[in-house]
Amino acid sequence: MKRVFLMGGVLALVATTILVGCGRQEKRPVQIGVMQIVSHPILDAVRDGFVAGMKQAGYVEGKDVQYDFQNAQGEMTTAQAIARKFVSDKVAMIFSIATPTSQAAAKATKDIPIVFGAVTDPVGAGIVRSPQRPGGNVTGVSDLVPVHEQIGLLLEIVPKVKRLGWVYNAGEANSQYAKKLIEAECKKRGLILVTATVANSNEVYAAAKSLVGRVDALYVAVDNTTASAVESLVKVAEDAKLPLLASDTGLVERGALATIGTDYFSVGKMSAETAARILKGERPGDIPVRFAQGQDLWVNLKSAKRMGVTVPEAVVKRAKKVIR
Amino acid sequence: MVDLFATSAEQGLVLCLVTLGIVISFRIADFPDLTVDGSFATGASVAAVGLAAGLPPLLAVGIAAVAGAAAGTVTGTLHTKLGISKILAGILMMIMLYSVNLRIMGRSNVPLLDVRTALTPLENVNWAHSAAFIIAFGVLALAARGVLDWFFSTDLGLALRAVGDNEKMAVAAGINPDSAKILALAMANCLVGLSGALFAQTVGFADVGMGIGMIIIGFASLLIGEAVFGRRSITRLTAAAVVGTIIYQLIVGTALRLGLAPTDLRLATGLMVVAALGLSRRAVQRRAGAEAGTAA
Amino acid sequence: MSSEPQADAPAPVLRLEGVTKRFSLNEGEAVVALDGIDLELCRGDFVTIVGSNGAGKSTLLNVISGAVPCDDGQVSIRGIDVTSWPQHKRAHMVAVVLQDPKTSVAPSLTVEENLAVAFSRGKRRGLHLALTRSRRRNLQDQVVALAPPLANRLRQSAGSLSGGERQMLAVVMATLAGADVLCLDEHCASLDPLRAPEVMAVTDAAIHNRGLTTLMVTHNLELAVRHGKRLLLMHHGRIVVDVQQEDKDRLTPQRLMDRFRTATGGMPLPARTVLPD
């Protein structure tokens, strides 16, 4: 008995030494290039979620993984330059946040695995062949907005809404895509959609004001431009006593009324899960695009009060998070 | 219709400070200053950070105006001391300020909703908010205009005008051209920074890209105003700045309501500027012809 | 243009010592515009300067006013070394009137405003109103005394004045605030023959009024001979002939031409030189 124990102990020791020795040799941190198109609360959240998700998967920054964070400052040419830089640096993987950066990355390399976070329509953007089988070196997490659930929530809170107002930037690809979804949903429910377009965040305030008197509720959804100016929408909504429905939880935190939303931090974490799978050997083309689940019901009772809205108890009870 | 006018007046009165700044740099000092896009956002950033930190609103706005003045001073110094051309100096500052503004805010966007701003007392007024804002901003705009009209009739102001009009003659009269240009740019960008600070409080947030396109908006506003008032005197220029900005906002608001895509707005504004420049050129030629006829 | 003869010369108002200025041309060649100029002027002197093109006449005035810095040598005014001073710093000592009426005044400012700017030369410019009623009256008086044609054009923009009127205004402006030295750089050369004498009359009045020490560059030999107590002939950056008062009184344009030819070894005066009929 004792002998078996001794043998086992020695074997274990030897095995551990070998493993540790091998491990140490392979223990060079993985290089991941992280690129985002612009500084922006939502995109920043995706990035932070990714880092946190990677840490959870066992990739600690500095030890197991080295990130190269790059920001294109809103310029497409810079995005392309960043993508090419990652390629020449021979990074192990590229994590691209939002559509324009993902397109730049996909164009720059067909070999290096690319994981995208927060691309609303990856097929339309031309970076994957189909959501189930992306096919190439690109896969990731889509933030397709659960418009159906969100408008449903709005009508649950304020049943009398007949006209919905939506401010968006027609220059954003994801907004053009979302417009179709929102129009279809409104048509299904017999709502009238009134839109106002803007070209930059400065114009959101005036655009929102122009909808007052022509709508029963406001919607802030998908559009990056309006998202960075959500405070303007909140101001106008509170002033005109209109409910402001949002498409993600971060916006509710900043003053919108409610959402069944995508938490962009989770989008980042989900992307990290996909990334970890690729680092462990799976091929990106085989991993289906994942869709951020719209399940988090958030409601902001402070805003509700200011907007003159009474939120039904049932909704408050169901809510994942209630801001008072 | 009324709220279109109200919103235009409100925004116009806040942004007319930018146009007044452009009057100082472009018209009076003969310095095409492109710093504006940067210093507008600097004013917004500084004010936002100050307000979020709990500073008394007027102090935060004051510091923002000073920050704008500092930006203008740097532009002026780049030109006078380093010999960088006027336009290039402005462009360089505009680009550099983007990074500076990001640093100031620590992020790209600072919300100003639940923060005490200079506008909070106005927002708490029970009756028509718009009217309160219009009155307050109107008083501010008229005060700014009054200060400028007075300043440019003083010895110092006249010296600035001389440098912009005929630098050789001004130097021969003992005026330091470098100091004059720097002072003019500091004043102009002080107004622009102030405008940015107030604008951010109006729309509820400060964003690092807030100033982009401001120079075009300001310039177009000025040209429209000059089409109404002409530019023969300082008082006419300042009136043109205030009124022109409001008219510009009205035109834009109406056009958007009628279906103009905001993404086409820049093109439309550019065309407006071209048309206004063409009209004013014809007017100058007509006047020159008349003067040639009457001169001895 | 008579004045008392100078007894033992008091300290010179203007002194140039070894003043040299070189300009580099595009091909790397250097042109010597001023070649070691030595010059002294006493208070009340009126010197006319003539010479061929490129002789350095304008450069000489520019170096004195500070519009152009010199490469070597020293410029002193009233005993103060102003060689390194920029123009605006010595503007209270040196007043200038330039040749081109288009750039001698500020066209967008009114006549009054131009005068107000000139009036403050040498004074600290603060937040005092530039055109108070008392100042307006003061300026009006000056204009009426020196340049009557401008008297009722004070509120008009300087740009609406004719060339001659602008030069008149420029002369009044240059002499308004007093100066140690007045530099006139062919200031009547661009005017038509009817206007030039008017402007010259205003100039004489202003100089006489304040007893200004004056340097006048001109291509008009008649003017050069008739005005001033001293005449300098410049050629290739040097002063080649210096005619003092006594000799000058006997000078005629023809004799001047002869002296010039002798001094320059036969070079003719340039085509622009104005000779009397």
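Residues numbered from 1 in each chain as written. Chains lettered and ligands numbered in written order. Predicted model: local features only at pLDDT ≥ 70, side-chain atom pairs only at ≥ 80, totals over all residues.

Asks: How should the interface of chain B and chain A be read in this particular structure?
Replies: You'll often see interface size given as the accessible area lost when the parts meet. Of the residues lining the interface, 26 residues belong to chain B; the matching set on chain A comes to 26 residues. Secondary-structure elements contributing two or more residues to the side of chain B that touches chain A are helix 1 (2–28), strand 1 (109–111), helix 9 (177–203), strand 2 (205–207) and helix 11 (234–257) of chain B. A per-element tally of the side of chain B that touches chain A places helix 1 of chain B first, with three residues. (Contact = placed C-beta atoms within 7 Å. Helix = DSSP H or I, 4+ residues; strand = E, 2+ residues; numbered from the N terminus.)

Asks: Could you clarify how one ought to interpret the sheet that holds strand 11 (residues 290–291) of chain A in this entry?
Replies: Strand pairing in a sheet takes place through backbone hydrogen bonds and is either antiparallel or parallel in direction. Residue and element names in this part refer to chain A. The six strands are arranged 2-1-3-4-5-11 in an open sheet whose pairing can be described as parallel. Single-partner strands in this sheet number two, and they are strand 2 (65–71) and strand 11. Relative to strand 11, strand 5 (residues 138–142) is paired through two bridges, and the arrangement is parallel. Bridged to V141 within strand 11 is R290. (Pairing = 2+ DSSP bridges.)

Asks: I keep staring at the interface of chain C and chain B and nothing clicks. Help me out?
Replies: With 28 residues of chain C at the interface, the matching set in chain B holds 22 residues. Elements that contribute at least two residues to the side of chain C that touches chain B include exactly helix 2 (87–90), helix 3 (101–104) and helix 4 (111–119) of chain C. The leading source of residues in the side of chain C that touches chain B is helix 4 of chain C, at four residues. Within the side of chain C that touches chain B, the residues separate by chemical class into 13 nonpolar, twelve polar and three charged. (Nonpolar A, V, L, I, M, F, W, Y, C, P; charged D, E, K, R; others polar.)

Asks: What is the right way to look at helix 4 of chain C in this model?
Replies: Residue pairs spaced three or four apart in an α-helix point in one direction, given the helix's 3.6 residues per turn. In terms of burial, helix 4 of chain C is largely enclosed, as nine of its nine residues are buried. Buried within helix 4 of chain C are the following residues: V111(C), E112(C), E113(C), N114(C), L115(C), A116(C), V117(C), A118(C) and F119(C). Elements in contact with the buried residues of helix 4 of chain C: helix 7 (155–165) of chain B together with helix 5 (133–146) and helix 6 (163–176) of chain C. (Buried ≥ 20, exposed ≤ 12 C-beta atoms within 10 Å, placed from the backbone.)

Asks: Looking at this model, I keep getting lost on the packing of helix 2 (residues 41–56) of chain A against helix 11 (residues 264–279) of chain A. Mind explaining?
Replies: Helices that pack against each other are described as a pair by the angle of their axes relative to one another and the distance between those axes. All names here are of chain A. In the contact formed by helix 2 and helix 11, the axes pass within 6 Å of each other and the chain directions differ by 40°. In terms of orientation, helix 2 and helix 11 fall into the oblique class. Our pair here, helix 2 against helix 11, has a crossing hand that is right-handed. Contacts between helix 2 and helix 11 involve I42, A45, V46, R47, D48, G49, F50, A52, G53 and M54 from the former and Y264, F265, S266, V267, G268, K269, S271, A272, E273, A275 and A276 from the latter. Classifying every residue of the contact of helix 2 with helix 11 gives twelve nonpolar, five polar and four charged. (Axes fitted to C-alpha atoms, helices over the stretch in contact; angles between N-to-C directions. Parallel < 35°, antiparallel > 145°, perpendicular 65-115°, else oblique. Left-handed = near helix turned anticlockwise from the far one by under 90°.)

Without other data, these values stay purely geometric and don't point to any function.
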